[in-house]
Amino acid sequence: MKNTSEYTQSVENFQKFVSLRNKVAIWLSVVILVCYYAFVISVGMFPEVLGYRLGPSSITLGILIGIFLIMLCILTTGLYTFFANQHFDKLQSNVLEELERSGALEDLKNGK
């Protein structure tokens, strides 16, 4: 016989876990998309600013901002990977064990 309070609590914990994981992924994606599209719009609207040469070299402000965008993408990927390895994997295994104990995992697999 299923304990309904344990069952509902484990399902709520599962929903909280999925919500947290999705919020982190969405916020990191929004940061990247806003920065990328701001760069693309600035290329179209202010090409002379991005074409400004820094010193006597051929390096422009646009190149530096482009490198910053690449580094930002690497940083956000590393940040998500860190959270996934340190927090999400542990939370996921705890939630799955809780779902399995309460019998909710089988119901979720069957679409109930």
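Calculation criteria
- Residues numbered from 1 in each chain as written.
- Predicted model: local features only at pLDDT ≥ 70, side-chain atom pairs only at ≥ 80, totals over all residues.
- Heavy atoms only, no water.
- Phe/Tyr/Trp six-rings, centres within 6.5 Å; stacked < 30°, edge-to-face > 60°.
- Buried < 20%, exposed > 50% of the residue type's maximum accessible area, 1.4 Å probe, protein only.
- Axes fitted to C-alpha atoms, helices over the stretch in contact; angles between N-to-C directions.
- Helix = DSSP H or I, 4+ residues; strand = E, 2+ residues; numbered from the N terminus.
- Parallel < 35°, antiparallel > 145°, perpendicular 65-115°, else oblique.
- Nonpolar A, V, L, I, M, F, W, Y, C, P; charged D, E, K, R; others polar.
- Core = buried A, V, L, I, M, F, W, Y, C linked by side-chain atoms within 4.5 Å.
- Contact = heavy atoms within 4.5 Å.
- Polar contact = N/O pair within 3.5 Å; in protein donor to acceptor, adjacent residues only side chain to side chain.
- Patch = residues over 30% accessible without salt bridge, like charges linked within 9 Å, V, L, I, M, F, W, Y side chains within 5 Å.
- Areas by Shrake-Rupley, 256 points an atom, 1.4 Å probe, with all protein chains shown as cover.
- Salt bridge = Lys/Arg side-chain N within 4 Å of Asp/Glu carboxyl O.
- Expected span 1.5 Å × (residues − 1).

A. Looking closely at the packing of aromatic side chains. Here the structure, examined in full by the defined rule, presents five aromatic pairs. Note on tyrosine 80 and phenylalanine 88: the rings are 5.9 Å apart at their centroids and 55 degrees apart in plane angle, and the pair reads as tilted. With a relative accessible area of 4%, phenylalanine 88 lands in the buried category. Here a set of aromatic residues connected by ring pairs shows up, and it is made of Phe17, Tyr80, Phe82, Phe83 and Phe88.

B. Region of interest: the packing of helix α1 (residues 4-45) against helix α3 (residues 61-102). Across the interface, α1 lies against α3 with an axial gap of 10 Å and an inter-helix angle of 175 degrees. With respect to each other, α1 and α3 are oriented roughly antiparallel. Of the residues that constitute the contact of α1 with α3, the class distribution is 23 nonpolar, eight polar and four charged.

C. Just the nonpolar core, in detail. Formed by Val11, Phe17, Ala84, Phe88, Val95, Leu99, Ala104 and Leu105, the largest nonpolar core amounts to eight residues. Elements supplying a minimum of two residues to this core: α1, α3 and α4 (104-109). Setting aside residues up to four positions removed in sequence, valine 11 forms contacts with Leu99 and Ala104.

D. A look at the side chain of threonine 60. Considering the arrangement of structural elements, one finds threonine 60 in the loop between α2 (47-50) and α3. A polar contact of 3.5 Å, which involves the side chain of threonine 60, links it to the backbone oxygen of leucine 50. In contact with threonine 60, not counting residues within four places along its chain, are Leu50, Gly51, Tyr52, Arg53 and Leu54.

E. Quick peek at a nonpolar patch on the surface. The grouping of Tyr52, Leu54, Ile59, Ile63, Leu64, Ile67, Ile70, Met71 and Ile74 at the surface amounts to a nonpolar patch, some 840 Å² of accessible area in total. Examined against the element boundaries, isoleucine 70 turns out to sit in helix α3. Overall, isoleucine 70 belongs to the exposed group, its relative accessible area being 52%.

F. Looking closely at α1. Across its 42 residues, α1 extends 59 Å between first and last C-alpha, which sits within 8% of the 62 Å expected from 1.5 Å per residue. Those residues of α1 lying buried are Ser10, Val11, Asn13, Phe17, Leu28, Ile32, Phe39 and Ser42. The secondary structure elements touched by the buried residues of α1 are α2, α3 and α4.

G. Layout of α3. Between its first and last C-alpha, α3 extends 58 Å over 42 residues, near the 62 Å set by a 1.5 Å rise per residue. Of all the residues in α3, the buried ones are Gly62, Gly66, Leu69, Leu72, Thr76, Ala84, Phe88, Val95, Glu98, Leu99 and Ser102. Of the surrounding elements, those touching the buried residues of α3 are α1, α2 and α4.

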